[in-house]
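Chains, contacts and geometry: an overview
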2 protein chains.
Amino acid sequence: MNILIASVGKPPKGWMKEGIEEFVSRLKGKFNFEWHVFKNDEQLIAFLSKQREKIFLDPQGKLLSSESFSSLLFHSIERGGATVTFVIGGAEGLPSVLRTEGFLLSLSPMTFTHQMTPLILLEQIYRASEIEKGTLYHK
Amino acid sequence: MNILIASVGKPPKGWMKEGIEEFVSRLKGKFNFEWHVFKNDEQLIAFLSKQREKIFLDPQGKLLSSESFSSLLFHSIERGGATVTFVIGGAEGLPSVLRTEGFLLSLSPMTFTHQMTPLILLEQIYRASEIEKGTLYHK
């Protein structure tokens, strides 16, 4: 199963990078990860035109429990032929042309920094995988 | 203004500790921070009996936007005589006896790890302070 993250702007560094790497390494074996960082919306849109199943992180998106997110993730992977792409817009948010191209997901009614979003997302992907396995991580 | 965090269990370490320290250092000058880590609920309850204004982190709590959280924070600090205490329960959640002792706040309908909650909370406190100042951090 493949999880792609497509984002615009600078990649996280320092402790945020370390946190992301921790969850990516915990998910190894189950998921292949690819992170594509684009300089602008045009590059992002071109890349996404080749991706089948997309989930867009958006403050106006749908709020889900971790259990519902787990269902969404595994259904999306299935529909996407073993691949799903998470999209994180730049400082100005998602280009409006993309807003009908996939599921719009909100992590919280609170605004999180652009840099912390991938960290929180990765922990939810790890949690989703533990929920599916039925382990004690999520109880 | 004083912000106290009272939690049960082990304090965060590694990259999570670094992240928390980054936000605490950015908030210096405006807020004094104290973090009290307790071994069990009994110690937590005894400590909280001496605190006036409390906000409890709880999955069943109220979801707020960052703007509403900013209002809540500054009103609570005012009501608390310049001090507010945020309470993060242990792995089993908050002891039920505390659930009527203050505002119940949820960061997201998703479940976050116990260890990441203070990091996300600290970023929201920093954001709340920037919202009150009217800076570009939160736009």
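Residues numbered from 1 in each chain as written. Chains lettered and ligands numbered in written order. Predicted model: local features only at pLDDT ≥ 70, side-chain atom pairs only at ≥ 80, totals over all residues. Heavy atoms only, no water.

1. Focus on unusual backbone geometry
Residues and elements named next belong to chain A.
- With a phi angle near 75°, Ala 82 is a residue other than glycine that sits in the positive phi range.
- Topologically, Ala 82 is positioned in the loop between helix H3 (66-79) and strand E4 (83-88).
- Residue classification places Ala 82 among the partly exposed positions, given a relative accessible area of 32%. (Helix = DSSP H or I, 4+ residues; strand = E, 2+ residues; numbered from the N terminus. Buried < 20%, exposed > 50% of the residue type's maximum accessible area, 1.4 Å probe, protein only.)

2. Concerning the side chain of Ser 70 of chain A
All names here are of chain A.
- Residue position: Ser 70 is located in helix H3.
- Judged by relative accessible area, which is 6%, Ser 70 ranks as buried.
- Ignoring sequence-local partners within four residues, the contact set of Ser 70 consists of Ala 128, Ile 131 and Glu 132. (Contact = heavy atoms within 4.5 Å.)

3. Quick word on the pattern of salt bridges
Residues and elements named next belong to chain A.
- Evaluated as defined, the whole model comprises 16 salt bridges over all chains.
- Residue Lys 17 is joined to Glu 21 by a salt bridge in which the shortest nitrogen-to-oxygen separation is 3.2 Å. Placement of the pair is Lys 17 and Glu 21 together in helix H1 (residues 14-27), with a separation of four residues, close to one helical turn.
- Its relative accessible area of 40% is what places Lys 17 among the partly exposed residues.
- Measuring nitrogen to oxygen at the nearest pair gives 2.7 Å for the salt bridge that ties Arg 99 to Asp 58. (Salt bridge = Lys/Arg side-chain N within 4 Å of Asp/Glu carboxyl O.)

4. Quick word on the sheet that holds strand E3 (residues 54-63) of chain A
Residues and elements named next belong to chain A.
- On the basis of which strands lie adjacent, the open sheet formed by five strands has the order E2-E1-E4-E3-E5 and parallel pairing. For this open sheet the edge positions go to strand E2 (32-38) and strand E5 (103-106), each flanked by a neighbour on one side alone. When strand polarity is set aside, the average angle formed by the axes of neighbouring strands in this sheet is 35°.
- When E3 meets E5, the two strands line up parallel, connected through five bridges. Pairing of Ile 55 across the sheet is with Phe 103, part of E5.
- Along the sheet, helix H4 (residues 117-133) makes contact with strand E1 (2-8), E2, E3 and E4, crossing E4 at roughly 150°. (Pairing = 2+ DSSP bridges. Axes fitted to C-alpha atoms, helices over the stretch in contact; angles between N-to-C directions.)

5. Regarding helix H4 (residues 117-133) of chain B
Residues and elements named next belong to chain B.
- The terminal C-alpha atoms of H4, which comprises 17 residues, lie 24 Å apart, in line with the 24 Å expected from a rise of 1.5 Å per residue.
- Across the 17 residues of H4, 14 count as buried, placing the element largely inside the fold.
- Of the residues trailing H4, Gly 134 is marked for its positive phi of about 75°. (Expected span 1.5 Å × (residues − 1).)

6. Notes on the relation of the copies chain A and chain B
- For the pair chain A and chain B, the best superposition has an RMSD of 0.0 Å and corresponds to a rotation of 180° with a translation of 0.0 Å parallel to the axis. These values place the two chain copies in the arrangement generated by a two-fold rotation axis. (Least-squares fit on C-alpha atoms with pLDDT ≥ 70 in both.)

7. Let's talk about the interface of chain A and chain B
- Tallying the contact residues gives 29 residues for chain A and 29 residues for chain B.
- Between chain A and chain B, the buried area comes to about 2,400 Å², and carbon and sulfur atoms account for 64% of it.
- Considering only the surface of chain A that becomes buried against chain B, Trp 15, Met 110 and Thr 111 of chain A emerge as the three largest contributors, covering 30% of it.
- Taken together, the connections running from chain A to chain B amount to zero salt bridges.
- Connecting chain A to chain B are 10 residue pairs in polar contact (both at pLDDT 80 or more).
- For the side of chain A that touches chain B, the secondary structure elements donating two or more residues are H1, H3 and H4 of chain A.
- Its residues assigned to classes, the side of chain A that touches chain B shows 15 nonpolar, eight polar and six charged. (Buried area = accessible area lost by both parts, 1.4 Å probe. Polar contact = N/O pair within 3.5 Å; in protein donor to acceptor, adjacent residues only side chain to side chain. Nonpolar A, V, L, I, M, F, W, Y, C, P; charged D, E, K, R; others polar.)

8. Here's the deal with H1 of chain A
- Helix length check: H1 of chain A, at 14 residues, gives a terminal C-alpha distance of 20 Å against a target of 20 Å (1.5 Å per residue), a fit within 8%.
- When we look at burial in H1 of chain A, the residues that qualify are Trp 15, Met 16, Gly 19, Ile 20, Phe 23 and Leu 27 of chain A. Projection of H1 of chain A onto a plane perpendicular to its axis shows the buried side chains occupying an angular sector of 140°, all on one side.
- For H1 of chain A, the secondary structure elements touched by its buried residues are E2 and H4 of chain A together with helix H1 (14-27) and H4 of chain B. (Arc of directions from axis to C-beta.)

That's the geometry; what it means functionally is another story.
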